[in-house]
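# Observations on the model geometry
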Amino acid sequence: MALSWLLLILLALAVIGYFAGRSRALASAGGDTRDLHSLPSYYGYNVALSALVPALVVLIIWLLVQPMIVNSTVSGIIPDQAIPEGSNRGLIMSEVRRVANGLEGAVASGAMTEAQAQDGSADIETLTKTLKDAGQVLTQDITQPILVAAQKFRSMTSTGTVAMQVVVLALALLGAAFAYVRTHKEFRARNVVEQGVLALLLLAASIAILTTVGIVLSMLFETMNFFQLHSWKDFFFGSTWAPNFRGGSELSILPLLWGTLYISLIALLVAVPIGLFAAIYLSEYASGATRAIAKPLLEILAGIPTIVYGLFALLTVGPALVSMFGQGGTLGVGWMASSNAVLTAGLVMGIMLIPFVSSLSDDIINAVPQSMRDGSLGLGATHSETVRSVILPAALPGIVGAVLLAASRAIGETMIVVMAAGAIAKFSGNPFEAMTTITTRIVSQLTGDTDFASPETLVAFALGLTLFIITLGLNIFALYIVRKYREQYE
Amino acid sequence: MNDMTRVERTVDSKAIKIAAKKVQVYYGETHAIKDVDVEIEDKTVTAFIGPSGCGKSTFLRCLNRMNDTIDICRVKGDILLDGEDIYDKRVDPVQLRAKVGMVFQKPNPFPKSIYDNVAYGPRIHGLAKNKAELDEIVEKSLRRGAIWDEVKDRLDAPGTGLSGGQQQRLCIARAIATAPEVLLMDEPCSALDPIATAQVEELIDELRSRYSVVIVTHSMQQAARVSQKTAFFHLGNLVEFGETGQIFTNPEDPRTESYITGRIG
């Protein structure tokens, strides 16, 4: 029985439970809803939720846990001598899974009987031929231990699946029956259902948090693997980024960090003044009609995919800068050799961040109470003096928070720098040179044919984790500042 | 306490500070103030009383052109300050507001230090040549605002950290610091407790020796305690204007009497 059927049966049970619970409650009150503790539908929801929720929870946990148990048991029965030189248990296990899937497919398509598939002493050559004829994909020659392990894998998986279906259905029926029996006009169905909904909301919130924890942990484990293969001193304090897939790489984060921070700095130098001035205009000077048009227009910028900004940088901004600063350019200075440069990426990223800064700052400036403006105007200050001496200082902590949030976006930005910044890792203060960032190096280390056992690949996780910690720190700092500012007018 | 006798009521023929003639105010289509004529004397506390929405605050905000900051608001008629029309094109509303200071309903100190709050006006108007002069203006204003003794040791502390009554007196000191000739107060005590209210009222009475004070209030007792002249507004009309003692004891208009005795409002 496929998973979708199981889910459909569960849903059907819930629907039946809803109507059964509802009518039982009504019957217990003699058909008069006023005698019920709760509205009739609450009794229905109670039965439906009791059937659905425990069953689904068990189903999800089972689906997550079963493969782990099967994997560890099966990998335990593979003898050490069955693992050839240059391979490892993980690779053999993937072969085992492939064979198991092949057997499953062959049985399903009728190329093989169930008994043949389970025959542990079957002739390997005939079996391989049968499987290949049945169109199953095999990459390696099947050996006896692999076959045995694959058969064990199949049998455990199918037993587990049947057991799961039985347990889940039994749980659904039990839950429904329990709730149905409890349904009576005195039963506080409304409170129970609301508790249940509360639990669901809590679950949704914790999934978001647990995912973050999961991301951090998975990065952390890979990073630890990396540091076993490569010295942490070189990673944090080295000065060269020179990955070499034949070994002997120098993998230092510092040149990449420098490129990241340099490009982000240029982006902020573009975005903060423009965004802030736009916000001041929109919140203080623009009439209602102008604001209604200009604000959404500005925010359209925020909706443009960053790859499009990358194209803009590559095709428009870069060549324009070269024609200005390059050899034989308008300024005749010859500083810029290629359109891939820190300046190109920084400018375009700055444009991308303008709506981010302006929208947040606009909200913050609007949150400054009108009484501040009245107070300043009432003392004979002009509008611009009021903005400069009262509103901006009052909004400053919030604006700083907005800038920090923009900075953490700039640091984590990938597509623009991939397309516009170049790929050379170096320490240089020249904005017309190509440089590279942490994010682009993660992309380049993980694209193409990769071997997840070499430090050249695993370094991507160490880079990602460092990046994550930097932006997380910035975000926490920004939120702290924004929150502190909110308390100020109380 | 006998409210009627506390304030000395010898009203000499003082100079007219502000004269309003046939003032009309419109908010969009709404006719908020109709044909108001009033003469506000120098060195006198004038109270505007009336039920909510009667236009007393709107009229007050006409006197320093604060209504200019509201887009849909239009003012017609003449308002003369020392004989000059304040709505004349040559008058800069910014300069006017330095001469006609304003204190608002809710204390609104800037999120700056106490010193910087008071020094704000003198700084933007260039009233002090150097730091010493500025210090002097700040101290003098805080003294006149009757808050110097409470804050002299913590001038660098934020103004927002003071209590409500202290904040309001700080705002009054801030308004005084620009050396105004008229002080407008829009329900200055409505956000304060009785003790802070008493302190502010005492201060208003002292301010009378230097400034012309106009106060909008919901509290008739307050109007009776602090003012020499009272104007009663109702539905955008100035119903009655006269000496406070007379308005409260012997009003001419039946609407005034109804309001004072609590039948309308």
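Residues numbered from 1 in each chain as written. Chains lettered and ligands numbered in written order. Predicted model: local features only at pLDDT ≥ 70, side-chain atom pairs only at ≥ 80, totals over all residues. Heavy atoms only, no water.

As a further point, take the pattern of salt bridges. Residue and element names in this part refer to chain B. Here the structure, examined in full by the defined rule, presents 22 salt bridges over all chains. Notably, a salt bridge pairs lysine 17 with aspartate 82, separated by 3.1 Å at the nearest N-O pair. Here aspartate 82 lies in the loop between β4 (73-81) and β5 (84-85) and lysine 17 lies in strand β1 (residues 16-27), a separation of 65 residues in the sequence. You can call lysine 17 buried: its relative accessible area is 9%. On the accessibility criterion, aspartate 82 (44% relative accessible area) is partly exposed. Across the pair arginine 225 and glutamate 201 runs a salt bridge, and its minimum N-O distance is 2.6 Å. (Salt bridge = Lys/Arg side-chain N within 4 Å of Asp/Glu carboxyl O. Helix = DSSP H or I, 4+ residues; strand = E, 2+ residues; numbered from the N terminus. Buried < 20%, exposed > 50% of the residue type's maximum accessible area, 1.4 Å probe, protein only.)

What the domain assignment lists for chain A is domain 1 (3-187) and domain 2 (241-489). The gap between the C-alpha centroids of domain 1 of chain A and domain 2 of chain A is 48 Å. (Domains from an automatic or database assignment.)

Looking now at the packing of aromatic side chains. Tallied over the full model, the rule gives 17 aromatic pairs over all chains. Both rings, one in phenylalanine 48 of chain B and one in phenylalanine 59 of chain B, keep their centres 5.6 Å apart while their planes meet at 45°; by these two values the pair is tilted. Note that phenylalanine 48 of chain B is positioned in strand β3 (residues 45-49) and phenylalanine 59 of chain B in helix α2 (residues 56-62), a separation of 11 residues in sequence. Take phenylalanine 59 of chain B: its relative accessible area is 0%, and that puts it in the buried class. Taken together, the ring pairs connect Phe226, Phe227, Phe235 and Phe236 of chain A into an aromatic cluster. Over the face of the ring belonging to phenylalanine 356 of chain A we find arginine 409 of chain A, whose NZ or CZ atom lies 5.1 Å from the ring centre. Sitting over the ring of phenylalanine 110 of chain B, arginine 174 of chain B keeps its end group 4.2 Å from the ring centre. (Phe/Tyr/Trp six-rings, centres within 6.5 Å; stacked < 30°, edge-to-face > 60°. Lys NZ or Arg CZ within 6 Å of the ring centre and 35° of its normal.)

Moving on: the pairing of strand β7 (residues 182-186) of chain B. All names here are of chain B. Burial analysis of β7 places five of its five residues in the buried class, the great majority of the element. Neither face of β7 is exposed, since Val182, Leu184 and Asp186 on one face and Leu183 and Met185 on the opposite face are all buried. Across four bridges, strand β6 (residues 100-103) lies against β7 in parallel orientation. Looking at the pairing, methionine 102 lines up with leucine 184 of β7. In this sheet, strand β8 (residues 212-216) lies alongside β7 in parallel orientation, the contact comprising five bridges. (Pairing = 2+ DSSP bridges.)

Moving on, we get to the interface of chain A and chain B. Listed per partner, the contact involves 18 residues of chain A and 21 residues of chain B. Counting the surface lost from both chain A and chain B, the interface buries some 1,600 Å², and carbon and sulfur atoms represent 65% of this. Taken together, the connections running from chain A to chain B amount to five residue pairs in polar contact (both at pLDDT 80 or more). Looking at the side of chain A that touches chain B, the elements with two or more residues in it are α13 (370-378) and α14 (383-412) of chain A. If you tally residues by element for the side of chain A that touches chain B, the top one is α13 of chain A, at seven residues. Of the residues in the side of chain A that touches chain B, the class split is seven nonpolar, nine polar and two charged. (Contact = heavy atoms within 4.5 Å. Buried area = accessible area lost by both parts, 1.4 Å probe. Polar contact = N/O pair within 3.5 Å; in protein donor to acceptor, adjacent residues only side chain to side chain. Nonpolar A, V, L, I, M, F, W, Y, C, P; charged D, E, K, R; others polar.)

We now examine the pairing of strand β9 (residues 229-234) of chain B. On a regular strand, one side chain projects to one face of the sheet and the next to the other, so that they alternate. Residue and element names in this part refer to chain B. Of all six residues making up β9, six are buried, and the element is well covered by its neighbours. Side-chain alternation along β9 places Lys229, Ala231 and Phe233 on one buried face and Thr230, Phe232 and His234 on a second face that is also buried. Pairing of β3 with β9, which is carried by four bridges, proceeds in the parallel orientation. What sits directly across from isoleucine 49, in β9, is phenylalanine 232. Bridge count between β9 and strand β10 (residues 237-243): six bridges; the pairing is antiparallel. Paired with histidine 234 across the strands is asparagine 237, a residue of β10. Counting the residues between successive antiparallel strands, the hairpin from β9 to β10 contains two residues, one of them, leucine 235, with a positive phi of roughly 50°.

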